[in-house]
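# Results of the structural survey
Each chain, letter by letter, is given below.
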Amino acid sequence: MSTLSTHVLDLVSGRPAAGMAISLWMGQDCLFRGVTNADGRCPELSQHMGEMQAGAYRLDFAVADYFRTRDVALSDPPFLDVVPIAFGVARPGPDGKGGHYHVPLLVSPYGFSTYRGS
């Protein structure tokens with residue numbers, strides 16, 4: 001089995017993105033909704049999901065709403081509204097152990113980057 005975490009960094013302020021709404025989806029099913037803490041993390045995600053099954057998932061980040069609450073000027077409509085990150089959780093290896101999937105997001109109103117973190 002595998003576990004999941006995320007971390008969001010606000011590239012405008014150079015700080016963690018505290019208060020950003022996130023949701024986790026598998027197909028059409030919403031598995032989790034939460035908000036990042038002062039460190040830009042959402043520990044409730046890991047606690048709620050526990051060990052994850054192999055499959056295709058999507059994390060949605062409410063980027064425009066977050067920047068609006070920070071009084072950052074956005075276009076109308078915003079260039080980035082909700083940032084979806086679709087990713088796959090692989091089956092455990094031959095040893096039966098899964099991996100940890102850390103999905104960080106570095107974001108501004110006009111761009112974002114992600115990678116598989118550790």
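Report follows, based on the coordinates.

Rules used throughout
- Residues numbered from 1 in each chain as written.
- Predicted model: local features only at pLDDT ≥ 70, side-chain atom pairs only at ≥ 80, totals over all residues.
- Heavy atoms only, no water.
- Helix = DSSP H or I, 4+ residues; strand = E, 2+ residues; numbered from the N terminus.
- Rg over C-alpha atoms; globule rule 2.2 N^0.38 Å.
- Buried < 20%, exposed > 50% of the residue type's maximum accessible area, 1.4 Å probe, protein only.
- Lys, Arg positive; Asp, Glu negative; His and termini not counted.
- Charge placed at Lys NZ, Arg CZ, Asp CG, Glu CD.
- Pairing = 2+ DSSP bridges.
- Salt bridge = Lys/Arg side-chain N within 4 Å of Asp/Glu carboxyl O.
- Axes fitted to C-alpha atoms, helices over the stretch in contact; angles between N-to-C directions.

Let us look at the overall build of the protein chain. What the protein chain contains, in helices and strands, is two helices and eight strands. Taken from N to C terminus, the helices and strands of the protein chain fall in the order β-β-β-β-α-β-α-β-β-β. Scaling as 2.2 N^0.38, a compact globule of 118 residues should have a C-alpha radius of gyration of about 13 Å, and the protein chain matches this with 15 Å. A buried classification covers 38% of the 118 residues belonging to the protein chain. Computed over 9 positive and 11 negative side-chain charges, the separation of the two mean positions in the protein chain equals 6 Å.

Bringing the sheet that holds strand β7 (residues 100-108) into the picture now. Judged by pairing direction, the sheet is mixed, and its four strands sit side by side in the order β2-β1-β7-β8 without closing on themselves. Only two strands of the sheet have a single neighbouring strand rather than two, namely β2 (15-16) and β8 (111-114). Of the pairings in the sheet, the one linking strand β1 (residues 3-10) to β2 comprises two bridges and is antiparallel in character. Bridge pairing in β2 places leucine 9 opposite proline 16.

The next subject is the pattern of salt bridges. Counted by the stated rule, this structure contains three salt bridges. We note a salt bridge from arginine 41 to aspartate 39, for which the minimum N-O separation is 2.8 Å. Overall, the relative accessible area of 37% leaves aspartate 39 in the partly exposed class.

The strand order β4-β3-β5-β6 describes an open sheet built from four strands, whose pairing is antiparallel. Whereas interior strands pair on both sides, the edge strands pair on one side only; in this sheet they are β4 (29-35) and β6 (82-89). Pairs of neighbouring strands in the sheet enclose a mean axial angle of 20 degrees, with direction left out of account. Across six bridges, the pairing between strand β3 (residues 21-26) and β4 is antiparallel. Residue pairing for β4: serine 23 is matched across the bridge by arginine 33.

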